[in-house]
Amino acid sequence: MSHAPSPAGPSNRTGPRATSAPGAGVGPRRAGRGGTALVTGASSGIGAAVARRLAAEGGWRMVLNGRDVTRLEQVAAEAGALALPADLTRPGAGHRLTDLALDHLGRLDLLVADAGVGWAGDFTRMPPARIDEVVGVDLLATAHLVRAVLPHMVAAGSGRVVLIGSFAGSVGVRGEAVYSAAKAALAVFADALRYELRHTGVRVSHVIPGVVDTPFFARRGIPYTRTWPRPVSPERVADAVRSAVLRDRDEVYVPGWLRVPARVRGAAPGLYRRLAARYG
């Protein structure tokens, strides 16, 4: 699958675009009807699984973003999508990607924001550059991209933003202080946006996976070695994204039982902290 040049040039669009294209007017909330979608972090892991899941469902026209050009093009070829590789932490990258996606698709019904990185280890040993990278990719780049996409969805009167969070953001995980903080901020961001967009026709879903069997852990520097909880497949998270879209769900935990410790932490934080200090 050929791809357009990396979105590094200046943006010429001055306002929201709501022009029609094949599939325009087909919102992602209408089960089995498809629409147009932009998926980030799509070169591997959850993002790639989401792209394949939507392609298998049929009816979706997609633009895929990631930083690994070779793998992104492979996923795009499998999904029948357009690959637009870009580093979303670069200034203005979110707006440039949005413009290119709109040029190709005509409108955006669905944004699945999955781009993310991690780092594991004692916070006192975390290099300052890695702090900036984790916050920059997991929170700031996502916020900038959503800021670029939302005016077009609001102008169209429909659309859905799916933010891929992490259970670490719900409870805090030892050895992942900055990653937990960034994902916790993303969860609150999702809530605040949902309230703000209540009467616009645009919906926000937060998908919260636990441990997922992807290259994420190898890339963060320390592999996942715990025997529990067991990792789930990225395809299972992709199914949760589909469920959030088609069933209009605000929040989905993967697996579902992770909602229990998250609720315990909210209702009885002292008890949760004692249990986490002993068993976490």
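Counting residues in each nonpolar core, the largest one holds 34 residues, and the members touching the most others are M62, L64 and V207. Secondary structure elements with two or more residues in this core: β1 (35–39), α1 (45–57), β2 (60–64), α2 (69–79), β4 (110–113), β5 (159–164), α8 (234–246) and β7 (251–254). In terms of residue count, the dominant contributor to this core is α8 (7 residues). Aside from chain neighbours lying at most four places away, what touches M62 is A37, A51, L54, A55, A79, A81, L82 and L105. Grouped together as the second largest cluster of nonpolar side chains are 27 residues, L82, L102, V149 and L186 included.

A separate point is the confidence of the model for the protein. Of the residues in the protein, 74% reach a pLDDT of 70 or more, and the chain-wide mean stands at 84. When the criterion is pLDDT under 50, residues 1–12 qualifies, and its contacts beyond four places in sequence or with other chains add up to 30 contacts. Ignoring residues within four places in sequence, the model shows residues 18–32, a span with pLDDT below 50, making 33 contacts including any to other chains.

With that settled, the discussion passes to the sheet that holds strand β3 (residues 82–83). Within the open sheet, the 7 strands sit side by side as β3-β2-β1-β4-β5-β6-β7. Their pairing is parallel. Strands with a single pairing partner mark the edges of an open sheet, and in this sheet they are β3 and β7. Note: β5 against strand β6 (residues 202–209), 6 bridges, orientation parallel. Note that in β6 the partner of R160 across the bridge is R203. Running at roughly 150° to β2, helix α3 (residues 93–105) makes contact with β1, β2 and β3 of the sheet.

The next thing to look at is α3. The end-to-end C-alpha separation of α3 is 18 Å, in line with the 18 Å expected for 13 residues at 1.5 Å each. Burial in α3 covers these residues: A93, G94, R96, L97, T98, D99, A101, L102 and L105. Against β1, β2 and α4 (128–156) lie the buried residues of α3. In the segment just after α3, G106 is the residue with positive phi, at about 90°.

What follows covers the environment of A56. Among the secondary structure elements, A56 is positioned in helix α1. Residue classification places A56 among the exposed positions, given a relative accessible area of 65%.

This part takes up the packing of α1 against α8. Where α1 contacts α8, the two axes come as close as 8 Å, and the packing angle between them is 55°. If you check the angle between α1 and α8, you find them oblique. When the axes of α1 and α8 are compared, the crossing they make is right-handed. Of α8, the residues touching α1 (which contributes G45, I46, A49, V50, R53 and E57) are P234, E235, V237, A238, D239, V241, R242 and L246. For the contact of α1 with α8, the class distribution of residues is 8 nonpolar, 1 polar and 5 charged.

Our focus in this paragraph is the pairing of β1. Where burial is concerned, most of β1 is hidden: 5 out of the 5 residues are buried. Pairing of β1 with β2 involves 5 bridges; the strand directions are parallel. Across the sheet, the residue bridging to V39 is L64, located in β2. Direction of pairing for β1 relative to β4: parallel, over a ladder of 3 bridges. Paired with V39 across the bridge in β4 is V112.

Each α-helix winds once per 3.6 residues, and so residues spaced three or four apart point in a common direction. For α1, spanning 13 residues, the distance from its first C-alpha to its last is 19 Å, which sits close to the expected 18 Å at 1.5 Å a residue. Positive phi appears at G58, one or two residues downstream of α1, with a value of about 85°.

What counts, and at which threshold
Residues numbered from 1 in each chain as written. Predicted model: local features only at pLDDT ≥ 70, side-chain atom pairs only at ≥ 80, totals over all residues. Heavy atoms only, no water. Core = buried A, V, L, I, M, F, W, Y, C linked by side-chain atoms within 4.5 Å. Buried < 20%, exposed > 50% of the residue type's maximum accessible area, 1.4 Å probe, protein only. Helix = DSSP H or I, 4+ residues; strand = E, 2+ residues; numbered from the N terminus. Contact = heavy atoms within 4.5 Å. pLDDT = per-residue confidence, 0-100. Pairing = 2+ DSSP bridges. Axes fitted to C-alpha atoms, helices over the stretch in contact; angles between N-to-C directions. Expected span 1.5 Å × (residues − 1). Parallel < 35°, antiparallel > 145°, perpendicular 65-115°, else oblique. Left-handed = near helix turned anticlockwise from the far one by under 90°. Nonpolar A, V, L, I, M, F, W, Y, C, P; charged D, E, K, R; others polar.

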